[in-house]
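Residue strings, one per chain:
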Amino acid sequence: MVTDAAPQTQSKPSLFHRLKLIGAILVITGLLLPLYSCSGRFLDSTGREVHYVNQAGAIVPDKDVDPHQPLPSGVVKLEPNSPRPAGVTFHKNYHFFFGEFSYDDVFDWLRLFGFLWPLAAVIWVKQLEQGRKHTVFRWVEPLLVLESSFALCTSAIFGAKEIGFWSAWSGVILYSLGAAGIDVRALAAWKPAMSRPWKRVNNVLIYTVFLGCSVLSVFIFFKWLVA
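Note that this is a predicted model, so its numbers are computed, not measured.

On to the pattern of salt bridges. Scanning all chains against the criterion turns up 3 salt bridges. Note that Lys 20 is salt-bridged to Glu 141, the shortest N-O span being 3.0 Å. Within this pair, whereas Lys 20 is found in helix H1 (residues 15-29), its partner Glu 141 is found in helix H4 (residues 131-155), the two being separated by 121 residues in sequence. Comparing Lys 20 with Glu 141, the two get one shared label, buried. Across the salt bridge formed by Arg 138 and Asp 183, the nearest N and O atoms sit 2.7 Å from each other. In this pair, Arg 138 sits in helix H4 while Asp 183 sits in helix H5 (residues 163-190), placing the two residues 45 residues apart along the sequence. Residue Arg 138 shares its accessibility class with Asp 183, and that shared class is buried.

This next bit is on the packing of H1 against H5. Two numbers describe how H1 lies on H5: the axes approach to 7 Å, and their chain directions differ by 155°. As far as their axial angle goes, H5 and H1 are roughly antiparallel. In this structure, H1 crosses over H5, and the sense of that crossing is left-handed. Among the residues making up the contact of H1 with H5, the classes are represented as 12 nonpolar, 8 polar and 2 charged.

Now for the side chain of Thr 154. Its place among the elements puts Thr 154 in helix H4. Within the structure, Thr 154 has its side chain in polar contact with the backbone oxygen of Ala 151 (distance 3.1 Å). If sequence neighbours within four positions are ignored, Thr 154 has contacts with Phe 107, Arg 111 and Phe 221.

Here the distance between the centres and the angle between the planes together describe a pair of aromatic rings. Per the stated rule, a full pass over the model turns up 16 aromatic pairs. With centroids separated by 5.7 Å and ring planes inclined at 85°, the aromatic side chains of Phe 165 and Phe 222 adopt a geometry described as edge-to-face. Of this pair, Phe 165 sits in helix H5 while Phe 222 sits in helix H6 (residues 196-226), and the two are 57 residues apart along the sequence. Taking the centre distance of 5.3 Å and the plane angle of 80° together, the rings of Phe 221 and Phe 222 count as edge-to-face. Considered together, Phe 221 and Phe 222 belong to a single accessibility category, that of buried residues. Lying over the aromatic face of Phe 165, Lys 161 brings its terminal NZ or CZ to 5.8 Å of the ring centre. A cation sits over an aromatic face here: Lys 161 above Phe 222, 4.2 Å from the ring centre.

In this section: the nonpolar core. By size, the foremost hydrophobic cluster in this structure holds 35 residues, and its most contacted members are Phe 97, Phe 115, Trp 117, Val 145, Leu 152, Phe 165 and Tyr 175. Elements with a minimum of two residues in this core: H1, helix H2 (106-123), H4, H5 and H6. In terms of residue count, H5 provides more of this core than any other element does, 9 residues in total. Residues within four places of Trp 117 in sequence aside, it is in contact with Phe 137, Glu 141, Leu 144, Val 145, Glu 147, Ser 148 and Tyr 175.

Each value, and the rule that gives it
In every chain, residue numbers begin from 1 and rise along the written sequence. Thresholds applied to this predicted model are a pLDDT of at least 70 for local features of residues and 80 or more for the giving and counting of side-chain atom pairs; totals over whole chains, interfaces and linings are not thresholded and use all residues. In computing side-chain properties, one takes all heavy atoms of the structure into account and sets aside hydrogens as well as water. Salt bridge criterion: a side-chain nitrogen from Lys or Arg within 4 Å of a carboxyl oxygen from Asp or Glu. A run of H or I in DSSP becomes a helix once it reaches four residues, and a run of E becomes a strand once it reaches two; helices and strands are each numbered from the N terminus. For the exposure calls, accessible area comes from a 1.4 Å probe over protein chains only, and a residue counts as buried if that area is under 20% of its type's maximum, exposed if over 50%, partly exposed in between. Every angle, taken between N-to-C directions, lies between 0 and 180 degrees, and every axis is a line fitted to C-alpha atoms, over only the stretch in contact when it is a helix. Under this scheme an angle from 65 to 115 degrees is roughly perpendicular, one under 35 degrees roughly parallel, and one over 145 degrees roughly antiparallel; angles in between are oblique. Crossing handedness follows the turn of the near helix against the far one: under a right angle anticlockwise gives a left-handed crossing, and clockwise gives a right-handed one. Any residue outside Ala, Val, Leu, Ile, Met, Phe, Trp, Tyr, Cys, Pro, Asp, Glu, Lys and Arg is labelled polar, Gly included; the first ten of those are nonpolar and the last four are charged. We define a polar contact as two N or O atoms separated by no more than 3.5 Å, with the added condition that, inside protein, one atom must be a possible hydrogen donor and the other a possible acceptor, whereas residues neighbouring each other in sequence contribute only through side-chain atom pairs. Between two residues, a contact is recorded if the distance between any of their heavy atoms is within 4.5 Å. Each Phe, Tyr or Trp ring (for Trp, its six-membered ring) is paired with any other whose centre lies within 6.5 Å, and the angle between the two planes then decides the class: stacked below 30 degrees, edge-to-face above 60, tilted in between. Any Lys NZ or Arg CZ that is within 6 Å of a ring centre and within 35 degrees of that ring's normal is treated as a charge sitting over the ring. Only buried residues count toward a nonpolar core. Its members are Ala, Val, Leu, Ile, Met, Phe, Trp, Tyr and Cys residues joined through side-chain atoms within 4.5 Å.

Right, dumping it as structure tokens:
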């Protein structure tokens, strides 16, 4: 967001650069770990799927239940939180990013970009810190963070969020904190004569923009658009 910075502030990796690197790596894990899960299956010890049990907790074969009629007295359908008969286990259906990726879908490529660009930005940081490229990237970076948040949300919209979501979201937040910290330091180097109150205002603004793009946007997405 800041247009320029003194060279000495970028001469060696700082805590904020390391935060960006860790965050970028965590974002990548969202491509490898399950992002969400949906209704799973109950399997007995032989691997056969189970749907119904009676009051005594014994398995009721599917052939004894007509799905088009009310359940017989004393028969209940197994649910994820219901007591399970001995030998019956519940297996979640986990969903991974590439398991639902379509190569001819532009939207899927945009989602993939949201997971990849933070690591690319960290790798090419030296090139991005030179001249006009640096200025443009600083202003675009919060929007890129927002794009990553949107890509993550839309990749985990259909079920219960799993470790891949939480890992990648933690990465987006850490990257944002690192980026905001770098911008705050750059602002101090670019405008050393700025009064302390104005520095504080600008610092709060920088952190608010990045955290809004990485944290608030995710809350808004799931609370207002999905709930």
